[in-house]
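Structural description and commentary
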Amino acid sequence: MPLPRAFKKGLQAAIERRRQEGYVFSLATPVDPSKTIDFGTNDTLSLVSSGALRAEFLAELERNPDFSIGACGSRVLEDSEYNIELERFLCRTHGAEDGLFFGSGYDANVAIFGTIPQPGDAIVYDELVHASIWDGMKASRASITKPFAHNDPRSLGQVLEHLQEQSPEIRSGDHTVFVSVESVYSMDGDICPAHEIVAVTKKALPHGNFILIMDEAHSNGLVGPNGAGLVSEWGLEKEFGIRLHTCGKALGTTGAIVLCDPLVKKMLVNYARMFIFTKAPSFLMLAVVKASYNALASEDGARRRRILQENIRFFFGLLEQHPLWQKVQQQGHLRISCGENWTNTPWLSPIVPFVTKSGKSAELGNKMRENGILSHPVGYPIVPKDGERIRVVIHTDNSREQIVSLVETAMEWASKQLEQKPTEISSVRSNL
Ligand SMILES: Cc1ncc(COP(=O)(O)O)c(C=O)c1O
(Lines give C-alpha, C1' and ligand atoms only; values in the text may rest on other atoms or scores of the structure.)
Protein backbone atom coordinates (compact mmCIF):
# COMPACT_ATOMS: atom_id res chain seq x y z
CA MET A 1 0.00 0.00 0.00
CA PRO A 2 1.46 3.40 -0.96
CA LEU A 3 2.22 5.81 1.86
CA PRO A 4 -0.38 8.53 2.44
CA ARG A 5 0.60 11.64 0.43
CA ALA A 6 0.98 14.16 3.28
CA PHE A 7 2.90 11.66 5.45
CA LYS A 8 5.27 10.85 2.57
CA LYS A 9 5.88 14.55 1.94
CA GLY A 10 6.72 15.08 5.61
CA LEU A 11 9.23 12.23 5.64
CA GLN A 12 10.85 13.42 2.42
CA ALA A 13 11.18 16.92 3.89
CA ALA A 14 12.80 15.50 7.04
CA ILE A 15 15.36 13.52 5.00
CA GLU A 16 16.00 16.61 2.84
CA ARG A 17 16.73 18.61 6.00
CA ARG A 18 19.33 16.03 6.92
CA ARG A 19 20.85 16.27 3.42
CA GLN A 20 21.09 20.06 3.70
CA GLU A 21 22.75 19.73 7.10
CA GLY A 22 25.32 17.53 5.37
CA TYR A 23 24.60 14.15 6.87
CA VAL A 24 22.25 11.64 5.32
CA PHE A 25 22.88 8.11 6.49
CA SER A 26 22.33 5.11 4.27
CA LEU A 27 23.01 1.47 4.88
CA ALA A 28 26.67 0.73 4.23
CA THR A 29 27.68 -1.55 1.38
CA PRO A 30 29.20 -4.76 2.72
CA VAL A 31 32.93 -4.89 2.06
CA ASP A 32 34.90 -7.88 0.86
CA PRO A 33 37.49 -8.43 3.64
CA SER A 34 39.83 -10.13 1.16
CA LYS A 35 39.99 -6.93 -0.90
CA THR A 36 40.27 -4.33 1.86
CA ILE A 37 42.75 -3.52 4.57
CA ASP A 38 40.87 -3.07 7.81
CA PHE A 39 41.63 0.28 9.40
CA GLY A 40 37.97 0.91 10.04
CA THR A 41 36.23 -1.67 12.20
CA ASN A 42 36.35 -1.87 15.98
CA ASP A 43 37.69 -5.44 15.77
CA THR A 44 40.91 -4.00 17.16
CA LEU A 45 42.35 -7.22 18.55
CA SER A 46 41.36 -8.98 15.29
CA LEU A 47 39.48 -11.55 17.37
CA VAL A 48 36.75 -11.77 14.72
CA SER A 49 38.78 -11.52 11.51
CA SER A 50 41.39 -14.05 12.70
CA GLY A 51 38.79 -16.68 13.65
CA ALA A 52 40.03 -16.68 17.29
CA LEU A 53 36.62 -15.70 18.63
CA ARG A 54 34.90 -18.31 16.48
CA ALA A 55 37.17 -21.05 17.87
CA GLU A 56 36.49 -19.93 21.47
CA PHE A 57 32.77 -19.82 20.74
CA LEU A 58 32.76 -23.40 19.42
CA ALA A 59 34.67 -24.49 22.54
CA GLU A 60 32.08 -22.71 24.72
CA LEU A 61 29.30 -24.59 22.91
CA GLU A 62 31.08 -27.87 23.56
CA ARG A 63 31.28 -27.02 27.26
CA ASN A 64 27.50 -26.44 27.24
CA PRO A 65 26.20 -29.24 25.00
CA ASP A 66 22.63 -28.97 26.30
CA PHE A 67 22.26 -25.32 25.42
CA SER A 68 18.89 -24.02 24.38
CA ILE A 69 18.52 -21.97 21.21
CA GLY A 70 15.57 -20.02 22.53
CA ALA A 71 15.84 -17.14 24.96
CA CYS A 72 13.90 -16.67 28.19
CA GLY A 73 11.22 -14.01 28.42
CA SER A 74 11.96 -10.84 30.34
CA ARG A 75 14.51 -11.53 33.05
CA VAL A 76 12.10 -10.24 35.69
CA LEU A 77 9.86 -13.23 34.81
CA GLU A 78 12.34 -15.98 33.86
CA ASP A 79 16.11 -16.16 34.05
CA SER A 80 18.87 -18.55 33.06
CA GLU A 81 21.71 -19.90 35.23
CA TYR A 82 24.07 -19.15 32.35
CA ASN A 83 23.16 -15.45 32.34
CA ILE A 84 23.47 -15.18 36.14
CA GLU A 85 26.80 -17.01 36.12
CA LEU A 86 28.08 -14.81 33.26
CA GLU A 87 27.26 -11.68 35.26
CA ARG A 88 29.13 -13.09 38.28
CA PHE A 89 32.10 -13.90 36.06
CA LEU A 90 32.12 -10.40 34.55
CA CYS A 91 32.00 -8.84 38.04
CA ARG A 92 34.99 -10.95 39.11
CA THR A 93 36.88 -10.07 35.92
CA HIS A 94 36.35 -6.34 36.36
CA GLY A 95 36.65 -6.29 40.17
CA ALA A 96 33.08 -5.11 40.75
CA GLU A 97 30.57 -5.85 43.47
CA ASP A 98 27.59 -6.43 41.21
CA GLY A 99 26.51 -6.04 37.62
CA LEU A 100 23.63 -6.24 35.15
CA PHE A 101 23.91 -7.37 31.55
CA PHE A 102 22.12 -5.42 28.80
CA GLY A 103 21.52 -6.23 25.13
CA SER A 104 23.65 -3.25 24.04
CA GLY A 105 25.82 -0.46 25.39
CA TYR A 106 23.32 2.01 24.00
CA ASP A 107 20.49 0.53 26.08
CA ALA A 108 22.74 0.33 29.12
CA ASN A 109 23.68 4.02 28.98
CA VAL A 110 20.08 5.10 28.44
CA ALA A 111 19.16 2.92 31.45
CA ILE A 112 21.92 4.31 33.69
CA PHE A 113 21.28 7.98 32.98
CA GLY A 114 17.54 7.62 32.52
CA THR A 115 16.83 5.83 35.79
CA ILE A 116 19.58 6.31 38.39
CA PRO A 117 19.82 10.10 38.95
CA GLN A 118 16.83 11.36 40.95
CA PRO A 119 15.02 14.71 41.03
CA GLY A 120 17.29 17.28 42.65
CA ASP A 121 20.43 15.43 41.45
CA ALA A 122 22.81 16.77 38.82
CA ILE A 123 24.67 15.13 35.95
CA VAL A 124 27.97 16.73 34.99
CA TYR A 125 29.42 15.26 31.80
CA ASP A 126 32.40 15.62 29.50
CA GLU A 127 31.17 17.58 26.48
CA LEU A 128 32.22 14.75 24.13
CA VAL A 129 30.33 11.85 25.72
CA HIS A 130 28.60 9.36 23.45
CA ALA A 131 25.12 9.86 21.95
CA SER A 132 23.72 7.09 24.18
CA ILE A 133 24.62 9.15 27.28
CA TRP A 134 22.95 12.20 25.77
CA ASP A 135 19.83 10.16 25.12
CA GLY A 136 19.93 8.82 28.69
CA MET A 137 20.22 12.36 30.01
CA LYS A 138 17.25 13.46 27.90
CA ALA A 139 15.18 10.77 29.61
CA SER A 140 16.62 11.53 33.04
CA ARG A 141 14.80 12.96 36.06
CA ALA A 142 17.96 14.76 37.21
CA SER A 143 17.23 18.44 37.82
CA ILE A 144 20.49 19.73 36.36
CA THR A 145 22.67 18.55 33.46
CA LYS A 146 25.88 20.48 32.79
CA PRO A 147 28.85 19.79 30.49
CA PHE A 148 32.48 20.46 31.29
CA ALA A 149 35.24 21.08 28.73
CA HIS A 150 36.59 17.90 27.17
CA ASN A 151 39.17 16.05 29.29
CA ASP A 152 39.65 19.19 31.41
CA PRO A 153 39.62 18.56 35.19
CA ARG A 154 39.88 22.32 35.87
CA SER A 155 36.69 22.93 33.93
CA LEU A 156 35.05 20.07 35.86
CA GLY A 157 36.10 21.74 39.12
CA GLN A 158 34.56 25.05 38.03
CA VAL A 159 31.27 23.41 37.04
CA LEU A 160 31.11 21.57 40.38
CA GLU A 161 31.77 24.79 42.25
CA HIS A 162 29.07 26.60 40.32
CA LEU A 163 26.62 23.74 40.97
CA GLN A 164 27.00 24.16 44.71
CA GLU A 165 26.15 27.85 44.43
CA GLN A 166 23.11 26.91 42.39
CA SER A 167 21.85 24.08 44.62
CA PRO A 168 21.99 24.28 48.47
CA GLU A 169 21.01 20.56 48.59
CA ILE A 170 24.06 19.63 46.57
CA ARG A 171 26.21 21.88 48.77
CA SER A 172 24.85 20.22 51.91
CA GLY A 173 25.26 16.71 50.50
CA ASP A 174 21.50 16.01 50.31
CA HIS A 175 21.52 15.60 46.54
CA THR A 176 23.98 13.74 44.38
CA VAL A 177 26.18 14.72 41.46
CA PHE A 178 26.86 12.13 38.74
CA VAL A 179 30.07 12.76 36.83
CA SER A 180 30.16 11.08 33.44
CA VAL A 181 33.37 10.35 31.52
CA GLU A 182 34.69 7.83 28.99
CA SER A 183 38.00 6.02 29.30
CA VAL A 184 38.77 6.57 25.59
CA TYR A 185 36.78 9.00 23.46
CA SER A 186 35.44 7.27 20.40
CA MET A 187 35.99 10.03 17.85
CA ASP A 188 39.32 11.38 19.12
CA GLY A 189 41.01 8.35 20.66
CA ASP A 190 42.23 10.42 23.60
CA ILE A 191 42.32 9.03 27.12
CA CYS A 192 40.46 10.29 30.19
CA PRO A 193 42.64 11.90 32.89
CA ALA A 194 40.83 9.71 35.42
CA HIS A 195 43.06 10.32 38.45
CA GLU A 196 42.58 14.09 38.16
CA ILE A 197 38.85 13.70 37.56
CA VAL A 198 38.59 11.65 40.77
CA ALA A 199 40.72 14.10 42.78
CA VAL A 200 38.86 17.22 41.56
CA THR A 201 35.45 15.67 42.28
CA LYS A 202 36.43 14.53 45.78
CA LYS A 203 37.83 17.95 46.59
CA ALA A 204 34.80 19.83 45.22
CA LEU A 205 32.24 17.60 46.98
CA PRO A 206 33.66 16.90 50.45
CA HIS A 207 30.39 15.32 51.67
CA GLY A 208 31.03 12.52 49.17
CA ASN A 209 27.68 13.09 47.45
CA PHE A 210 28.85 12.03 43.99
CA ILE A 211 28.98 8.98 41.77
CA LEU A 212 31.62 8.80 39.07
CA ILE A 213 30.49 6.96 35.94
CA MET A 214 33.05 5.54 33.51
CA ASP A 215 32.14 4.26 30.04
CA GLU A 216 34.83 1.77 29.01
CA ALA A 217 33.45 0.99 25.54
CA HIS A 218 36.77 1.67 23.82
CA SER A 219 39.16 0.22 26.40
CA ASN A 220 37.34 -2.98 27.31
CA GLY A 221 39.50 -5.94 26.31
CA LEU A 222 42.48 -3.82 25.33
CA VAL A 223 44.26 -3.03 28.58
CA GLY A 224 44.42 -4.07 32.21
CA PRO A 225 44.53 -7.58 33.73
CA ASN A 226 43.07 -9.93 31.10
CA GLY A 227 41.87 -6.84 29.24
CA ALA A 228 39.63 -5.71 32.12
CA GLY A 229 39.95 -2.06 31.08
CA LEU A 230 41.58 1.18 32.09
CA VAL A 231 39.89 1.56 35.49
CA SER A 232 41.31 -1.85 36.47
CA GLU A 233 44.69 -0.97 34.96
CA TRP A 234 44.75 2.19 37.09
CA GLY A 235 43.41 0.41 40.22
CA LEU A 236 40.48 2.86 40.42
CA GLU A 237 37.69 0.26 40.72
CA LYS A 238 36.53 1.66 44.06
CA GLU A 239 36.38 5.25 42.78
CA PHE A 240 33.97 4.69 39.89
CA GLY A 241 30.55 3.82 41.30
CA ILE A 242 29.18 2.84 37.90
CA ARG A 243 31.15 1.40 35.00
CA LEU A 244 29.91 0.40 31.59
CA HIS A 245 31.77 -2.28 29.63
CA THR A 246 30.41 -2.85 26.16
CA CYS A 247 31.15 -6.03 24.24
CA GLY A 248 30.63 -4.52 20.79
CA LYS A 249 34.11 -3.10 20.18
CA ALA A 250 37.33 -5.05 20.80
CA LEU A 251 35.36 -8.06 22.04
CA GLY A 252 33.80 -8.40 18.62
CA THR A 253 30.29 -9.18 19.80
CA THR A 254 27.29 -7.35 21.30
CA GLY A 255 25.88 -6.55 24.73
CA ALA A 256 27.23 -4.68 27.73
CA ILE A 257 27.61 -5.04 31.47
CA VAL A 258 26.82 -2.26 33.94
CA LEU A 259 29.07 -2.72 36.98
CA CYS A 260 27.60 -1.15 40.08
CA ASP A 261 26.41 -1.43 43.68
CA PRO A 262 23.66 -4.07 44.32
CA LEU A 263 21.15 -1.31 45.13
CA VAL A 264 21.86 0.46 41.84
CA LYS A 265 21.36 -2.89 40.10
CA LYS A 266 18.03 -3.33 41.89
CA MET A 267 17.01 0.13 40.73
CA LEU A 268 17.87 -0.74 37.11
CA VAL A 269 15.94 -4.01 37.35
CA ASN A 270 12.90 -2.10 38.62
CA TYR A 271 12.99 1.05 36.51
CA ALA A 272 14.98 0.47 33.30
CA ARG A 273 12.20 -0.14 30.81
CA MET A 274 14.63 -1.38 28.12
CA PHE A 275 15.59 -4.11 30.61
CA ILE A 276 12.14 -4.99 31.93
CA PHE A 277 10.08 -4.90 28.75
CA THR A 278 12.28 -6.99 26.51
CA LYS A 279 13.43 -10.58 26.20
CA ALA A 280 16.57 -11.74 27.95
CA PRO A 281 19.68 -12.06 25.76
CA SER A 282 19.79 -15.49 24.11
CA PHE A 283 22.26 -18.16 25.21
CA LEU A 284 24.02 -17.78 21.85
CA MET A 285 24.66 -14.09 22.41
CA LEU A 286 25.88 -14.67 25.96
CA ALA A 287 28.07 -17.58 24.87
CA VAL A 288 29.88 -15.33 22.36
CA VAL A 289 30.46 -12.79 25.13
CA LYS A 290 31.87 -15.53 27.39
CA ALA A 291 33.99 -16.87 24.52
CA SER A 292 35.38 -13.40 23.90
CA TYR A 293 36.35 -12.97 27.56
CA ASN A 294 37.98 -16.43 27.41
CA ALA A 295 39.96 -15.28 24.40
CA LEU A 296 41.05 -12.13 26.25
CA ALA A 297 42.23 -14.15 29.25
CA SER A 298 44.27 -16.58 27.12
CA GLU A 299 47.96 -16.28 26.21
CA ASP A 300 46.86 -15.37 22.72
CA GLY A 301 44.74 -12.53 24.16
CA ALA A 302 47.79 -11.10 25.97
CA ARG A 303 49.83 -11.44 22.78
CA ARG A 304 47.13 -9.62 20.81
CA ARG A 305 47.09 -6.72 23.27
CA ARG A 306 50.89 -6.46 23.12
CA ILE A 307 51.06 -6.55 19.31
CA LEU A 308 48.31 -3.97 19.04
CA GLN A 309 50.37 -1.56 21.15
CA GLU A 310 53.46 -2.29 19.01
CA ASN A 311 51.47 -1.57 15.85
CA ILE A 312 50.15 1.73 17.20
CA ARG A 313 53.67 2.79 18.17
CA PHE A 314 54.94 1.75 14.75
CA PHE A 315 52.23 3.93 13.15
CA PHE A 316 53.13 7.01 15.25
CA GLY A 317 56.84 6.40 14.64
CA LEU A 318 56.34 6.32 10.86
CA LEU A 319 54.33 9.50 10.87
CA GLU A 320 56.76 11.34 13.08
CA GLN A 321 59.73 10.36 10.94
CA HIS A 322 58.05 11.47 7.76
CA PRO A 323 59.83 14.58 6.45
CA LEU A 324 56.59 16.39 5.67
CA TRP A 325 54.60 15.46 8.77
CA GLN A 326 55.51 18.59 10.74
CA LYS A 327 54.71 20.79 7.78
CA VAL A 328 51.27 19.30 7.00
CA GLN A 329 50.39 19.65 10.67
CA GLN A 330 51.62 23.24 10.88
CA GLN A 331 49.62 24.18 7.82
CA GLY A 332 46.56 22.44 9.24
CA HIS A 333 46.14 19.95 6.39
CA LEU A 334 46.33 16.90 8.58
CA ARG A 335 46.68 16.15 12.27
CA ILE A 336 46.02 13.26 14.62
CA SER A 337 43.60 14.08 17.44
CA CYS A 338 45.51 12.05 20.05
CA GLY A 339 48.91 10.62 20.91
CA GLU A 340 50.79 13.96 21.34
CA ASN A 341 53.12 12.41 23.87
CA TRP A 342 52.94 8.85 22.57
CA THR A 343 56.50 7.81 23.42
CA ASN A 344 55.87 8.52 27.12
CA THR A 345 52.33 7.18 27.28
CA PRO A 346 52.20 3.65 28.72
CA TRP A 347 49.05 2.65 26.84
CA LEU A 348 47.81 4.03 23.52
CA SER A 349 44.34 3.87 22.07
CA PRO A 350 43.99 2.19 18.67
CA ILE A 351 41.68 5.00 17.49
CA VAL A 352 43.94 7.45 15.60
CA PRO A 353 41.77 9.82 13.55
CA PHE A 354 43.23 11.97 10.75
CA VAL A 355 41.62 15.40 11.13
CA THR A 356 41.57 17.45 7.89
CA LYS A 357 40.62 20.98 6.96
CA SER A 358 36.88 21.60 6.50
CA GLY A 359 35.49 20.09 3.33
CA LYS A 360 38.58 17.92 2.78
CA SER A 361 37.98 14.66 4.61
CA ALA A 362 35.92 13.15 1.78
CA GLU A 363 38.91 13.55 -0.57
CA LEU A 364 41.19 11.76 1.85
CA GLY A 365 38.49 9.14 2.37
CA ASN A 366 38.34 8.53 -1.40
CA LYS A 367 42.10 8.20 -1.55
CA MET A 368 41.99 5.62 1.24
CA ARG A 369 39.27 3.70 -0.57
CA GLU A 370 41.18 3.79 -3.89
CA ASN A 371 44.13 2.23 -2.06
CA GLY A 372 41.93 -0.52 -0.62
CA ILE A 373 41.90 0.91 2.89
CA LEU A 374 38.73 0.64 4.96
CA SER A 375 38.39 3.69 7.20
CA HIS A 376 35.43 5.88 8.09
CA PRO A 377 34.89 9.57 7.30
CA VAL A 378 33.18 11.36 10.18
CA GLY A 379 31.71 14.85 9.96
CA TYR A 380 29.37 17.25 11.71
CA PRO A 381 27.27 16.76 13.87
CA ILE A 382 29.12 13.66 15.15
CA VAL A 383 32.23 15.85 15.49
CA PRO A 384 32.44 19.69 15.51
CA LYS A 385 32.15 21.51 12.16
CA ASP A 386 35.88 22.28 12.13
CA GLY A 387 36.84 18.74 13.17
CA GLU A 388 35.91 16.54 10.23
CA ARG A 389 38.12 13.50 9.96
CA ILE A 390 38.91 10.04 8.72
CA ARG A 391 38.53 7.76 11.71
CA VAL A 392 41.34 5.25 11.53
CA VAL A 393 41.56 2.27 13.87
CA ILE A 394 44.71 0.15 14.13
CA HIS A 395 44.37 -3.62 14.56
CA THR A 396 46.49 -6.42 15.96
CA ASP A 397 46.54 -8.26 12.64
CA ASN A 398 47.41 -5.21 10.53
CA SER A 399 50.79 -6.07 9.05
CA ARG A 400 53.67 -3.60 9.08
CA GLU A 401 53.29 -3.37 5.31
CA GLN A 402 49.63 -2.37 5.73
CA ILE A 403 50.51 0.32 8.28
CA VAL A 404 53.15 1.67 5.90
CA SER A 405 50.54 1.77 3.16
CA LEU A 406 48.14 3.68 5.47
CA VAL A 407 50.76 6.30 6.32
CA GLU A 408 51.89 6.55 2.69
CA THR A 409 48.32 7.08 1.52
CA ALA A 410 47.63 9.81 4.07
CA MET A 411 50.95 11.56 3.48
CA GLU A 412 50.72 11.32 -0.29
CA TRP A 413 47.36 13.09 -0.08
CA ALA A 414 48.60 15.62 2.49
CA SER A 415 51.75 16.41 0.48
CA LYS A 416 49.55 17.29 -2.48
CA GLN A 417 47.74 19.77 -0.25
CA LEU A 418 51.10 21.46 0.25
CA GLU A 419 51.30 21.71 -3.52
CA GLN A 420 54.60 19.91 -3.48
CA LYS A 421 55.58 16.80 -5.25
CA PRO A 422 55.46 13.88 -2.82
CA THR A 423 59.18 13.39 -3.32
CA GLU A 424 59.96 12.01 0.07
CA ILE A 425 57.13 9.54 0.31
CA SER A 426 59.43 6.60 -0.29
CA SER A 427 61.21 7.40 2.97
CA VAL A 428 58.31 5.77 4.79
CA ARG A 429 59.36 2.42 3.38
CA SER A 430 62.99 2.96 4.16
CA ASN A 431 61.99 3.16 7.83
CA LEU A 432 60.59 -0.36 7.80
C1 LIG B 1 31.47 5.38 24.29
C2 LIG B 1 30.38 4.48 23.83
N3 LIG B 1 29.44 4.08 24.70
C4 LIG B 1 28.42 3.28 24.34
C5 LIG B 1 28.31 2.85 23.03
C6 LIG B 1 27.15 1.98 22.64
O7 LIG B 1 27.56 0.65 22.65
P8 LIG B 1 26.81 -0.48 21.78
O9 LIG B 1 27.41 -0.42 20.42
O10 LIG B 1 27.10 -1.74 22.52
O11 LIG B 1 25.36 -0.15 21.77
C12 LIG B 1 29.26 3.22 22.08
C13 LIG B 1 29.15 2.76 20.69
O14 LIG B 1 29.60 3.32 19.75
C15 LIG B 1 30.33 4.07 22.49
O16 LIG B 1 31.27 4.47 21.62
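Residues numbered from 1 in each chain as written. Predicted model: local features only at pLDDT ≥ 70, side-chain atom pairs only at ≥ 80, totals over all residues. Heavy atoms only, no water.

**Notes on the site of the ligand**
Heads up, the rule is: Here a residue is considered near a molecule or strand provided that any single heavy atom belonging to it is located within 4 Å of it. Pairs of N or O atoms within 3.5 Å make up the polar contacts considered here, provided that, within protein, one atom can donate a hydrogen while the other can accept it, and that residues adjacent in sequence are counted only when both atoms are side-chain atoms. Areas reported here follow the Shrake-Rupley algorithm with a probe of radius 1.4 Å; residue values treat only the protein chains shown as occluding. Secondary structure is summarised from DSSP: a helix means a run of H or I of at least four residues, a strand means a run of E of at least two, and numbering begins at the N terminus for each. Under the grouping applied here, Gly and all other residues not named as nonpolar or charged are polar, the nonpolar ones being Ala, Val, Leu, Ile, Met, Phe, Trp, Tyr, Cys and Pro and the charged ones Asp, Glu, Lys and Arg.
Near the ligand lie 13 residues; those nearest to it are Gly105, Tyr106, Asp215, His218 and Lys249. Here an oxygen atom of the ligand and a backbone polar atom of Gly105 are 2.8 Å apart. At 2.7 Å from a nitrogen atom of the ligand is found a side-chain nitrogen or oxygen belonging to Asp215. Compared with its free state, where it exposes 390 Å², the ligand has 83% of that area covered by protein. Per-element accounting of the shell around the ligand gives the leading share, three residues, to helix α4 (residues 105-115). When its residues are assigned to classes, the shell around the ligand shows two nonpolar, eight polar and three charged.

**What about the pairing of strand β8 (residues 256-260)?**
Test applied: Here's how the labels work: a residue is buried when its accessible area is under 20% of the maximum for its type, exposed when over 50%, partly exposed in between, all with a 1.4 Å probe on protein chains only. One requirement defines pairing of two strands: DSSP has to find at least two bridges between them.
The buried count for β8 comes to five of five residues, which makes it a mostly enclosed element. By the alternation rule, side chains of β8 split into Ala256, Val258 and Cys260 and Ile257 and Leu259, which are all buried. Bridge count between strand β2 (residues 98-102) and β8: five bridges; the pairing is antiparallel. Looking across to β8, one finds that Gly99 is bridged to Leu259. Bridge analysis of strand β7 (residues 240-246) against β8 gives four bridges, and the strand direction is antiparallel. Bridge pairing in β8 places Thr246 opposite Ala256.

**Here we look at the packing of aromatic side chains**
Test applied: Pairing of aromatic rings covers Phe, Tyr and Trp, the last counted by its six-membered ring, and requires centre-to-centre distances within 6.5 Å; plane angles under 30 degrees mean stacked, over 60 mean edge-to-face, and any other angle means tilted. Lysine and arginine charges are scored as sitting over a ring when NZ or CZ, respectively, is within 6 Å of the ring centre and within 35 degrees of the ring normal.
As enumerated under the stated definition, the model contains eight aromatic pairs in all. Ring centres of Phe67 and Phe283 lie 5.1 Å apart, and the angle between their planes is 10 degrees; this geometry places the pair in the stacked category. Here Phe67 is found in the loop between α2 (52-63) and α3 (81-94), whereas its partner Phe283 is found in helix α12 (residues 283-297), with 216 residues between them in sequence. For the ring pair Tyr125 and Trp134, a centre distance of 5.1 Å and an interplane angle of 75 degrees mean the geometry is edge-to-face. Under the relative-accessibility criterion, Tyr125 is labelled buried at 7%. The partly exposed category is assigned to Trp134, whose relative accessible area is 34%. Taken together, Phe315, Phe316, Trp342 and Phe354 form an aromatic cluster joined through their ring pairs. Lying across the ring of Phe89, Lys290 places its NZ or CZ 4.4 Å from the centre. The ring of Phe314 has Arg400 lying over it, and the distance from NZ or CZ to the ring centre is 4.3 Å.

**A closer look at helix α8 (residues 194-204)**
Our working definition: Relevant arc is that of directions from the helix axis to the C-beta atoms, nothing else. In this analysis, two residues are considered to be in contact whenever any of their non-hydrogen atoms come within 4.5 Å of each other.
Those residues of α8 lying buried are Ala194, Ile197, Val198, Thr201 and Ala204. Down the axis, α8 shows its buried residues gathered within 140 degrees of arc, on one side only. If you follow the buried residues of α8, they end up packed against β4 (144-148), α6 (153-166), β5 (177-182), β6 (210-215), α9 (230-234) and β7.

**With respect to the pattern of salt bridges**
As a reminder of what qualifies: A side-chain nitrogen of Lys or Arg and a carboxyl oxygen of Asp or Glu constitute a salt bridge if their distance falls within 4 Å.
Scanning the model with the defined rule gives 18 salt bridges in all. Its salt-bridge partner being Glu87, residue Arg75 comes within 2.7 Å of it at the nearest N-O pair. With a gap of 12 residues between them, Arg75 in the loop between α2 and α3 and Glu87 in helix α3 connect regions that are remote in the sequence. Each member of the pair, Arg75 as well as Glu87, carries the same accessibility label: buried. Across the pair Asp98 and Lys265 runs a salt bridge, and its minimum N-O distance is 3.2 Å. With Asp98 in strand β2 and Lys265 in helix α10 (residues 262-271), the pair connects residues that are 167 residues apart, well separated along the chain. Relative accessible area serves as the criterion here: at 19%, Asp98 is assigned to the buried category. Accessibility expressed as a relative area gives 18% for Lys265, which makes it buried. Bridged by salt links that share partners, the residues Arg75, Asp79, Glu87, Asp98 and Lys265 form one connected network.

**Focus: unusual backbone geometry**
Omega for the peptide link from Tyr380 to Pro381 comes to 5 degrees, which places this bond in the cis form. Structurally, Pro381 can be placed in the loop between β12 (376-378) and β13 (389-391). Of note, the phi angle at Asn151 is positive, near 55 degrees, even though the residue is not glycine. Relative accessible area serves as the criterion here: at 19%, Asn151 is assigned to the buried category. Here the phi dihedral of Asn226 falls at roughly 55 degrees; this positive angle occurs in a residue that is not glycine. With respect to the secondary-structure elements, Asn226 resides in the loop between β6 and α9.

**With respect to the domain arrangement of the protein chain**
Test applied: Domain delimitation follows an automatic or database domain assignment. Here the quantity called buried area is the total loss of accessible area, with a 1.4 Å probe, experienced by two parts when brought into contact, counted for both.
Per the domain assignment, the segments of the protein chain are domain 1 (31-50 + 300-430) and domain 2 (67-296). Centre-to-centre separation of domain 1 and domain 2, based on C-alpha positions: 30 Å. At the junction of the two partners, domain 1 supplies 22 residues and domain 2 supplies 25 residues. Between domain 1 and domain 2 the total buried area reaches about 1700 Å² when both faces are included, carbon and sulfur atoms providing 62% of it. Salt-bridge contacts for Arg389 lead to Asp188; the nearest nitrogen and oxygen are separated by 2.9 Å. Where domain 1 touches domain 2, the interface holds 10 residue pairs in polar contact (both at pLDDT 80 or more). Elements that contribute at least two residues to the side of domain 1 that touches domain 2 include exactly α13 (299-321) and β13. The dominant element in the side of domain 1 that touches domain 2, judged by the number of residues it contributes, is α13, at four residues. Considered class by class, the residues forming the side of domain 1 that touches domain 2 number 13 nonpolar, five polar and four charged.

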